[in-house]
Amino acid sequence: MAACTSTERISVISRNRLRLGATLAALALAATACGGDDDSDLDSGAGSGDKKPSFAADSTMAKIVSKGTLTVGTKFDQPLYGEKALSGDVEGFDVEIARIIADELGVKATFTEAVSKNREPFIQNGTVDIVVATYTINDKRKKIVDFAGPYYKTGQSLMVRKDDDSIKSKDDLAGKKVCSVEGSTPAERIKTEAPKAALTLFDTYGKCATAMENKQVDAVTTDEAILLGLVSKKKDAFKVVGETFSEEPYGIGLKKGDQAFRDFINETLEKIYKDGRWEAALKKTVGTVQDELPDPPAVDRYTAA
Amino acid sequence: MQLSTITDNLDVYLEGFVGTLELTALGALGSLVLGTVLATMRVSPVPSLRAGATVYVEILRNCPLPVLAVLLAFGLPKLGEPIRSFSFFTWAVLALALYHAAFVCEALRSGVNSVSTGQGEAARSLGLTFGQTMSLVVLPQAFRTVVPPLGNILIALTKNSAVAATIDVTDITNQTEFVINDTVDPLAALAGAAFFYLLLTLPTGLLVGKLERRTAFSR
């Protein structure tokens, strides 16, 4: 088959140059016995270049195209953003964004579960091509990986029991038990935002939610995006209260120094901001819980240190 | 991966080290006491006690510890006060003690079985009750034969105490999360965690070996 593809390419070029060349190429094809599709190639040859973008041979994009799949690290336990359903399908906003990027490359996306702890090693070791996993862009992480995007902006907020009216914002947290995930940025920030609150830390937000139902804690704090995901599971039991009190831009993590790949993803993002695919993806996922959807954030082409 | 990830955060690790030490000590104590009671029940002449202890052992040792810890820490508080206000540290110690008691029980039972039946018969012929036979004659001999397996359980308990990190208890694993987040160097941070666990488990192994030699029978 390798011989066939190379002669096909010849045939496309020669068609544009001169008829004789095309005939010779067709003869050559017939000689290598590549079968019936050669004729159609001669007819539609010029058009076939539009669909599949071409990339520099040694670029990450070209490698992904030849591999045939874009491997993506995403959360499997993050409702609305990246969640593996019981059926085995992965769904959510992060997943949609990854699929669109894969589409732009002309390949399929395969998903691997990324947890907060393994996102950097996944990228550094090449286990995944990109990480789209509610991955906040910050300076510490920028030293280790590069970020395309942001493709979404959220901020830290609070979730309380639906029947609890004593907490309306972070200023009501004195003496209350607040839950978050250990080692997370929101867990650190709440210490300064609500210094009089007692902090309880688990390894998952699911445990925080259960503990809040049990009244073992009074509030859960993290990115509003994650809280909305929890509310989506228990609309009668939980509610999100107060204004967000931080800015969390979610970015797409990729190997440090891969500027061409980063540019490609940034351009893709800007393209889907304009053509409505970004909004459609957001409506389909986060839009099922949140009525007022945000505008797409501006892509940040920061200079990597 | 940088060594400074560990050396710059020694105080963070140390705080976790103390937590793991507390969990291990209390968990070991609890599991030893409960395990001894269970083993006694399993060899007792009362059928209902034997059955009860057998059911306990088979359920507890066949249920993964993280599952057990979550079921205890988030399930039992649903019963209301005062259980609801138990600290998560309490739940962690309970989970460790209850889980490892099943293993201690089985190790001890094998030790009890290794004591020749003549010993129990002799004790009974002297007029000792079942309780006296166990506590004065059988268990002291059983314990010395099971020092190595008990050592294994203690080391397992030390490492398994990491489960506490998932329910708000400050231990080595929990503190490592902070180091990871602060340095974004998970490999080095986890290597640090491994180092501090070894700092606990290696001496445990040495001590158990020493104890084993001191309590050995001269045959």
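Read on for a plain summary of the structure. (Residues numbered from 1 in each chain as written. Chains lettered and ligands numbered in written order. Predicted model: local features only at pLDDT ≥ 70, side-chain atom pairs only at ≥ 80, totals over all residues. Heavy atoms only, no water.)

### Points about the interface of chain B and chain A
Counting residues at the interface gives 21 residues for chain B and 23 residues for chain A. Where chain B packs against chain A, one counts one salt bridge. Across the salt bridge formed by D182 of chain B and K140 of chain A, the nearest N and O atoms sit 3.2 Å from each other. On the surface where chain B and chain A come into contact, there are seven residue pairs in polar contact (both at pLDDT 80 or more). At the level of secondary structure, the elements contributing two or more residues to the side of chain B that touches chain A comprise helix 4 (65–75), helix 5 (88–114) and helix 9 (172–183) of chain B. Examining the composition of the side of chain B that touches chain A, we find that seven residues originate from one element, helix 9 of chain B, more than from any other. Grouping the constituent residues of the side of chain B that touches chain A by class yields 12 nonpolar, four polar and five charged. (Contact = heavy atoms within 4.5 Å. Salt bridge = Lys/Arg side-chain N within 4 Å of Asp/Glu carboxyl O. Polar contact = N/O pair within 3.5 Å; in protein donor to acceptor, adjacent residues only side chain to side chain. Helix = DSSP H or I, 4+ residues; strand = E, 2+ residues; numbered from the N terminus. Nonpolar A, V, L, I, M, F, W, Y, C, P; charged D, E, K, R; others polar.)

### Topic: the sheet that holds strand 11 (residues 219–223) of chain A
Residues and elements named next belong to chain A. The mixed open sheet is built from five strands, whose spatial order is 10-9-11-8-12. Both outer strands of the open sheet, strand 10 (198–202) and strand 12 (238–241), are each paired with one neighbouring strand and no more. Going from strand to strand, the sheet's axes swing by 35° on average, the running direction of each strand aside. Across five bridges, the pairing between strand 9 (residues 177–181) and strand 10 is parallel. Opposite C179, over in strand 10, you have T200 as the bridge partner. (Pairing = 2+ DSSP bridges. Axes fitted to C-alpha atoms, helices over the stretch in contact; angles between N-to-C directions.)

### Side note on the state of the cysteines
All names here are of chain A. Inspection of every chain in the model, using the stated rule, returns one disulfide over all chains. In this model C179 forms its disulfide with C208; the gap between the sulfur atoms is 2.1 Å. Judged by the sign of its S-S torsion, about -70°, the bond between C179 and C208 is left-handed. Within this pair, whereas C179 is found in strand 9, its partner C208 is found in helix 10 (residues 205–213), the two being separated by 29 residues in sequence. Judged by its relative accessible area of 0%, C179 is buried. Residue C208 is classed as buried on the basis of its relative accessible area of 0%. (Disulfide = S-S within 2.5 Å. Buried < 20%, exposed > 50% of the residue type's maximum accessible area, 1.4 Å probe, protein only.)

### Considering the sheet that holds strand 2 (residues 77–78) of chain A
Residues and elements named next belong to chain A. In space, the three strands of this open sheet follow the order 2-3-4, with antiparallel pairing throughout. Lying at the two open borders of the sheet, with one neighbouring strand each, are strand 2 and strand 4 (90–91). Bridging between strand 2 and strand 3 (residues 82–84) involves two bridges; their strand directions are antiparallel. Paired with Q78 across the two strands is G82, which belongs to strand 3.

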